[in-house]
Amino acid sequence: MDHWRVYGLPRSGNHAIIDWLCRNLGHEHTVFLNNCATGDPFKSFGYCNYAHDGHWRKHRADIRAKGNRHMERLIAARDRAEHLVVSYETIDPTPEELSATPTGLDPARHRGDVLILRSPLNRIASFIQRTRKEVTRPHRRAAFMADLQTEMTTRYATHLTAAQSGAVQPVIYDDWGASERYRADVLDTLAIPARDTTLGTMTTAGGGSSFGQGEPLADISRSRRWERFTEDPDFITMTRALKAAPRVMALVEAVFPEDAARLGEA
């Protein structure tokens, strides 16, 4: 079974892009395991998708319980699948991670590593919006904002470094949403036949859009969400933290020069 690994921080457009990759691989031939840990991805996924009775099924991790019929169906789907897509949201694409092979998978059938990135200003805006929708207690919101500030100057920097390493195929969510040509080029680079270069519809996985399920995916992926937050105290705190980190700013300038220029003007 050929397999791909996909890395991406939350609120980066991971689920939209992965759903699109699976459509092009062919749902009937593909198994997807979301947000896995190290080791055997079939023992650590957050949820899974697989084809059964002509439908693209979704099940959460609790199906791993012994004797669960959905887990038995997942294993049956794995045994007949041609493709496996494994995603990681809590593991970063470091050189050490990329050199390892997930337990139970054949390294000779590894077809590529994908890194999903979103421009820093739009990602910060999405994270703030999501947190305010889901977290009501002020002290918990403050903790989430503190975690985001740390992440943007540590893990996000690691992802930007990986994007320039040549070891992964970067997919920029903002560009992916804006250009069908870009989407076709990504598929060509990954040697995946282009069955569908459209954006498709908004997936509910990962909570869907931070700004509302009814908005067209094309508008979500290529809009400047950050413009709504230019006077927002949390947004200002986050952008100041980025500006105060020269190494991170150098990486942002290399991958997202427009955002770096906006941060410089702020």
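Residues numbered from 1 in each chain as written. Predicted model: local features only at pLDDT ≥ 70, side-chain atom pairs only at ≥ 80, totals over all residues. Heavy atoms only, no water.

A. View of the side chain of H159. The topology assignment puts H159 in helix α6 (residues 155-163). A polar contact is formed between the side chain of H159 and the side chain of D92, at a distance of 3.0 Å. (Helix = DSSP H or I, 4+ residues; strand = E, 2+ residues; numbered from the N terminus. Polar contact = N/O pair within 3.5 Å; in protein donor to acceptor, adjacent residues only side chain to side chain.)

B. View of the pattern of salt bridges. This model, assessed by the stated rule, comprises 16 salt bridges. When the shortest N-O distance is used, the salt bridge between R130 and E134 registers 2.7 Å. With a gap of 4 residues between them, R130 and E134 both fall in helix α4 (residues 120-134), about one helical turn apart. Judged by its relative accessible area of 52%, E134 falls in the exposed class. Between R262 and D259 there is a salt bridge whose closest N-O contact spans 2.9 Å. Placement of the pair is R262 and D259 together in helix α12 (residues 257-265), with a separation of 3 residues, close to one helical turn. Via salt bridges that share partners, D92, R123, E151 and R155 belong to a single interconnected network. (Salt bridge = Lys/Arg side-chain N within 4 Å of Asp/Glu carboxyl O. Buried < 20%, exposed > 50% of the residue type's maximum accessible area, 1.4 Å probe, protein only.)

C. Region of the structure containing empty space enclosed by the protein. All chains considered together, the criterion is met by 2 cavities of 30 Å³ or more. When its volume is computed, the largest cavity comes out at roughly 40 Å³. Counting only elements with at least two residues in the lining of the largest cavity, the list comes to β2 (30-34), β3 (47-52) and α2 (69-80). Tallied by class, residues from the lining of the largest cavity come to 5 nonpolar, 3 polar and 2 charged. (1 Å grid on protein atoms, 1.4 Å probe; cavity = no way out; pocket = protein on both sides within 12 Å on 5 of 7 lines; lining within 4 Å. Points joined across faces, edges and corners; volume = space filled by probe spheres on them. Nonpolar A, V, L, I, M, F, W, Y, C, P; charged D, E, K, R; others polar.)

Coordinates in, geometry out; function isn't part of it.
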